[in-house]
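# Remarks on the overall topology
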Amino acid sequence: MEVRCPNCGREQSIDEKDVGLREKVEVRCLGCGESFSTSNPRLATLRVETTRGSAPPESVEYSQEGRPLVLPQDKKISLKVLEGNEAGTVFAVAKPRITIGRSNVDIVIRDRVVSRQHCALEVTEDSVLLRDLGSTNGTIVGSQLVQTAVLTSGSTFRIGMNTFQLLITSDAKPDGAAA
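The shown structure was predicted, so the numbers you read here are calculated from the model rather than taken from an experiment.

Below, the discussion takes up the overall build of the protein. Looking only at helices and strands, one finds one helix and 17 strands in the protein. Buried positions account for 33% of the 179 residues belonging to the protein. For the protein, contacts bridging at least 24 residues in sequence account for 39% of all contacts bridging at least 6. Only carbon and sulfur atoms are counted for the fraction: they give 48% of the accessible area of the protein, which is about 11,800 Å².

Below, the structure is given as structure tokens:
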């Protein structure tokens, strides 16, 4: 295996047997005598750190009414489960349209009364709309079955045996905080 010293630029060969199954190996340069570390190309892989944060959407989504869906820059939006199998769980709303249901959705709820794709939250710069997705048992806000309903912070809605509360909090940085 050929390596190049980062200090003097000299190329030299190292025996692959000396590298073995190690991901990195220390090499002493035959030209300048400095030690440097090199990666084993057979074991080196691309490592990407993951986070729970979301990347900005590549394209703008629109509601059925044609309003652009976008997360507000200065607010954090989340859903807290008040009643049901997931009681106490808080789900971050990390994109402007979140679907909720039993399967093939963003937030999966284990409840046989909930449809596979039950409802969606659609976030615009100034409002949050709850939309029923043609569920069998309906989406309830207050005591009313709804097709759509505008929610505000603290609003609750029910699907199946689960009651959710919408939480909208300020995400503003304190004065003097680094961005």
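Let us look at the sheet that holds strand β13 (residues 139–141). Taken together, six strands build an open sheet; the order of strands is β8-β7-β17-β16-β13-β14 and the sheet is antiparallel. Bordering the open sheet on either side are β8 (90–92) and β14 (144–146), each of which pairs with just one other strand. Here the average twist between neighbouring strands, direction ignored, is 35°.

With respect to the helices, strands and loops of the structure, Tyr62 is situated in strand β5 (residues 61–62). On the basis of relative accessibility, which here comes to 52%, the residue Tyr62 falls in the exposed class. Placed 60 residues apart in sequence, Tyr62 and Glu122 show a C-alpha to C-alpha distance of 9.0 Å. When residues no more than four places from it in sequence are discounted, the contact partners of Tyr62 are Arg67, Pro68 and Leu69.

This brings us to the pairing of strand β15 (residues 148–151). By the alternation rule, side chains of β15 split into Ala149 and Leu151, which are all buried, and Thr148 and Val150, of which none is buried. Two strands pair when backbone bridges link them, and strand β12 (residues 128–132) and β15 are joined in this way by four bridges, in the antiparallel orientation. The partner of Leu130 across the bridge, within β15, is Ala149.

Now for the pairing of strand β4 (residues 35–39). Across the two faces of β4 the burial differs, with Phe36 and Thr38 buried and Ser35, Ser37 and Ser39 not buried at all. Summarising the sheet, strand β3 (residues 24–28) and β4 pair through five bridges and their orientation is antiparallel. For Val25, the partnering residue across the bridge sits in β4 and is Thr38. Where β3 folds back onto β4 in an antiparallel hairpin, the turn is made up of six residues, including Gly33, whose phi is positive at roughly 85°.

As a further point, take the pattern of salt bridges. It is possible for side chains bearing opposite charge to pair when their charged atoms get close. Summed over the entire model, instances satisfying the criterion amount to nine salt bridges. Among the ionic pairs, Glu11 bridges to Arg4, the shortest N-O distance being 2.5 Å. Among the ionic pairs, Glu65 bridges to Arg131, the shortest N-O distance being 2.8 Å. Here Glu65 is found in the loop between β5 and β6 (68–69), whereas its partner Arg131 is found in strand β12, with 66 residues between them in sequence. Look at the salt bridges and you will find they share partners, linking Glu65, Arg97, Glu122 and Arg131 into a network.

The subject of this paragraph is the side chain of Glu86. Within the fold, Glu86 resides in the loop between β7 (75–83) and β8. The exposure class of Glu86 is buried, given its relative accessible area of 12%. At 3.1 Å, the side chain of Glu86 and the side chain of Arg110 are in polar contact. Those residues in contact with Glu86, other than ones at most four positions away along the chain, are Val81, Ile109, Arg110 and Asn162.

About the cut-offs
- Residues numbered from 1 in each chain as written.
- Predicted model: local features only at pLDDT ≥ 70, side-chain atom pairs only at ≥ 80, totals over all residues.
- Heavy atoms only, no water.
- Helix = DSSP H or I, 4+ residues; strand = E, 2+ residues; numbered from the N terminus.
- Buried < 20%, exposed > 50% of the residue type's maximum accessible area, 1.4 Å probe, protein only.
- Contact = heavy atoms within 4.5 Å.
- Areas by Shrake-Rupley, 256 points an atom, 1.4 Å probe, with all protein chains shown as cover.
- Pairing = 2+ DSSP bridges.
- Axes fitted to C-alpha atoms, helices over the stretch in contact; angles between N-to-C directions.
- Salt bridge = Lys/Arg side-chain N within 4 Å of Asp/Glu carboxyl O.
- Polar contact = N/O pair within 3.5 Å; in protein donor to acceptor, adjacent residues only side chain to side chain.

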